[in-house]
Amino acid sequence: MKTYTFGPHLIRASQVFFLSKKCFGFVNLKPVANGRILLLTTFVYRDLNSDEDGPEAGQTVPHCHLHIIPRKVGDWANNDDIYGEIDKSTKVDNEERPPRSFEEMEKEANFLRSFFQSDDMNYN
Ligand code: AMP
């Protein structure tokens, strides 16, 4: 099975919806909002130092990445309450937000993949 490295985690190709030479996008194991996805570099980004990239910024996986979280009016009563939800979602044993199944993640990745066309893509 083809996998990609995300810090200490292995991401299945079926979770990936976009792939280029330098970055790829995949669906989240524990999304706090519908459509929350991750974009990350295919290489380890060595130029960032600990002041720019680390736990102080809320990062739990040591691999340079961006979160994209679609927001809707009124999704959280107070706009910044989402950060509390994000904290909960990163706790491995949090029962309020169990990890999604591979089937569920693959379904979302298939949907998102349909918006992209790239010769670089290879999901096998
Ligand atoms: P951060 O806390 O900013 O480093 O974000 C790490 C993100 O990676 C969290 O949103 C997790 O839900 C997500 N995550 C961790 N492991 C996996 C995985 N195997 N597949 C997909 N997303 C993951």
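The structure reproduced in this document is the subject of the present report. What you are looking at is a predicted structure, and each value in this text was computed from that prediction instead of being measured.

Here the focus is the overall build of the chain. Scanning the chain for helices and strands turns up 2 helices and 6 strands. A total of 124 residues make up the chain; the buried ones form 35% of that total. Considering only residue pairs separated by 6 or more positions, the chain has 57% of its internal contacts joining residues 24 or more positions apart. Total accessible area computed for the chain in this model is approximately 8,600 Å², and 53% of it derives from carbon and sulfur atoms.

Around the ligand lies a shell of 18 residues, among which N28, T60, V61, H65 and H67 are the nearest. Between a nitrogen atom of the ligand and a main-chain N or O atom of L29, the distance comes to 3.1 Å. At 2.6 Å, a side-chain N or O of T60 approaches an oxygen atom of the ligand. In isolation the ligand offers 510 Å² of accessible surface; the protein chains occlude 90% of this area. The set of elements that each furnish at least two residues to the shell around the ligand consists of β2 (9-12), β4 (23-27) and β6 (65-68). For the shell around the ligand, the residue count by class is 7 nonpolar, 9 polar and 2 charged.

The next subject is the nonpolar core. In this structure, Y4, F6, I11, A13, V16, L19, F24, F26, L38, L40 and V61 together form the largest nonpolar core, which totals 11 residues. Contributing elements (two or more residues each) for this core: β1 (3-6), β3 (16-19), β4 and β5 (37-41). Counting 6 residues, the second largest nonpolar core, distinct from the first, contains F17, V27, A109 and L112.

Calculation criteria
- Residues numbered from 1 in each chain as written.
- Predicted model: local features only at pLDDT ≥ 70, side-chain atom pairs only at ≥ 80, totals over all residues.
- Heavy atoms only, no water.
- Helix = DSSP H or I, 4+ residues; strand = E, 2+ residues; numbered from the N terminus.
- Buried < 20%, exposed > 50% of the residue type's maximum accessible area, 1.4 Å probe, protein only.
- Contact = heavy atoms within 4.5 Å.
- Areas by Shrake-Rupley, 256 points an atom, 1.4 Å probe, with all protein chains shown as cover.
- Near = heavy atom within 4 Å.
- Polar contact = N/O pair within 3.5 Å; in protein donor to acceptor, adjacent residues only side chain to side chain.
- Nonpolar A, V, L, I, M, F, W, Y, C, P; charged D, E, K, R; others polar.
- Core = buried A, V, L, I, M, F, W, Y, C linked by side-chain atoms within 4.5 Å.

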